[in-house]
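Observations on chain architecture
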Amino acid sequence: MSVVALVLAAGRGTRFGSDKRRATLADGRSLLAHSVERARAVFDDVRVVLRAGERAEDFGVPPDCQVIISHQAAAGMGHSLAAGARSLLDSHAQAVAILLGDMPWIESATLRQLAAAAAASTIVLPRHAGQQGHPVMFGRDFWPALGQLSGDEGARSVVQANRGSCVVIELADAGVLLDVDTPQGLM
């Protein structure tokens, strides 16, 4: 199954107190660079959504990653996700993995397992210890709906409208639940 990765990194992260995408992890890389590298270890095509006026190199994002600019990022994650989904028109992939730029601890094996379950007509939902996590894999059939999103709810409405197409994958990887909202979350 061919899956393209879309890393959402255009949010403000106001609870963090500063630009968390630049926060340094123990290995010296930024939070965003680490999250992107996790995606690059599994997916051949990795795209990163940033805010207008930002440059990938300022965050340690490798030059082989396509950067998508979300001009309405301040209006919510839905706008950033829509901008990323609209960028997929040139992709031949059958599914997209929606990753968050503040989730650097998802294991490569987990990403491979989720990608293996993806199909053009399914939405793959990762779950750990009874909680839904990330990344969610959206089959190509759902890309037009993703491209119409707005507001701050992300793709929840697409998932809810297509429950019959959802496949839940139970995972041992707690990394699918671990995002960084505060500086303490880096520990």
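Report on the accompanying structure. (Residues numbered from 1 in each chain as written. Predicted model: local features only at pLDDT ≥ 70, side-chain atom pairs only at ≥ 80, totals over all residues. Heavy atoms only, no water.)

1. Considering the side chain of His34
Using the following cut-off: Comment: elements are numbered from the N terminus, with helices defined as DSSP H or I runs of at least four residues and strands as E runs of at least two. Throughout, a residue-residue contact means that at least one pair of heavy atoms, one from each residue, lies within 4.5 Å.
Among the secondary structure elements, His34 is positioned in helix 1 (residues 31-40). Filtering out sequence-adjacent residues up to four positions away, His34 remains in contact with Leu25, Asp27, Arg29 and Pro104.

2. Considering helix 1
For the α-helix, the turn length of 3.6 residues means that residues three or four positions removed from each other point alike. Put simply, the rule is: Only protein chains enter the accessibility calculation, which uses a 1.4 Å probe. A residue is then buried if its area is under 20% of the maximum for its type, exposed if over 50%, and partly exposed in between.
Helix 1 sits mainly inside the fold: 7 of its 10 residues count as buried. Listed in full, the buried residues belonging to helix 1 are Leu31, Leu32, Ala33, His34, Ser35, Val36 and Ala39. The secondary structure elements touched by the buried residues of helix 1 are strand 1 (3-8), strand 2 (46-51), strand 4 (95-100) and helix 3 (108-117).

3. Describing the pattern of salt bridges
The condition that has to hold: Note on definitions: salt bridges are taken to be side-chain nitrogens of Lys or Arg within 4 Å of carboxyl oxygens of Asp or Glu.
Here the structure, examined in full by the defined rule, presents 10 salt bridges. One salt bridge in this structure joins Glu37 and Arg40, with 3.0 Å as the shortest N-O distance. Linking Glu37 with Arg40, this pair stays in helix 1, spanning 3 residues, or about one helical turn. Overall, the relative accessible area of 32% leaves Glu37 in the partly exposed class. In this structure Arg40 comes out as partly exposed when scored by relative accessible area, which is 28%. Arg55 is the partner of Glu57 in a salt bridge, and the nearest nitrogen-oxygen pair spans 3.2 Å. Overall, Arg55 belongs to the partly exposed group, its relative accessible area being 45%. Look at the salt bridges and you will find they share partners, linking Arg21, Arg51 and Glu54 into a network.

4. Overview of the nonpolar core
The line we're drawing: As used in this record, nonpolar core signifies buried Ala, Val, Leu, Ile, Met, Phe, Trp, Tyr and Cys residues forming a set joined through side-chain atoms within 4.5 Å.
Counting residues in each nonpolar core, the largest one holds 57 residues, and the members touching the most others are Phe43, Val96, Ile123, Phe138 and Leu146. In this structure, Leu146 is in contact with Leu81, Ala82, Ala85, Val96, Phe138, Ala155 and Val158, ignoring residues within four places of it in sequence.

5. Concerning the side chain of Ser80
Put simply, the rule reads: Under the rule applied, a polar contact is a pair of N or O atoms within 3.5 Å (in protein, one hydrogen donor and one hydrogen acceptor; residues adjacent in sequence only if both atoms are side-chain atoms).
Mapped onto the secondary structure, Ser80 falls in helix 2 (residues 77-86). Separated by 3.2 Å, the side chains of Ser80 and Ser70 make a polar contact. Contact partners of Ser80, with chain neighbours within four places excluded, come to Leu8, Ala10, Val49, Ser70 and Ala73.

The analysis is restricted to geometry; functional conclusions fall outside its scope.
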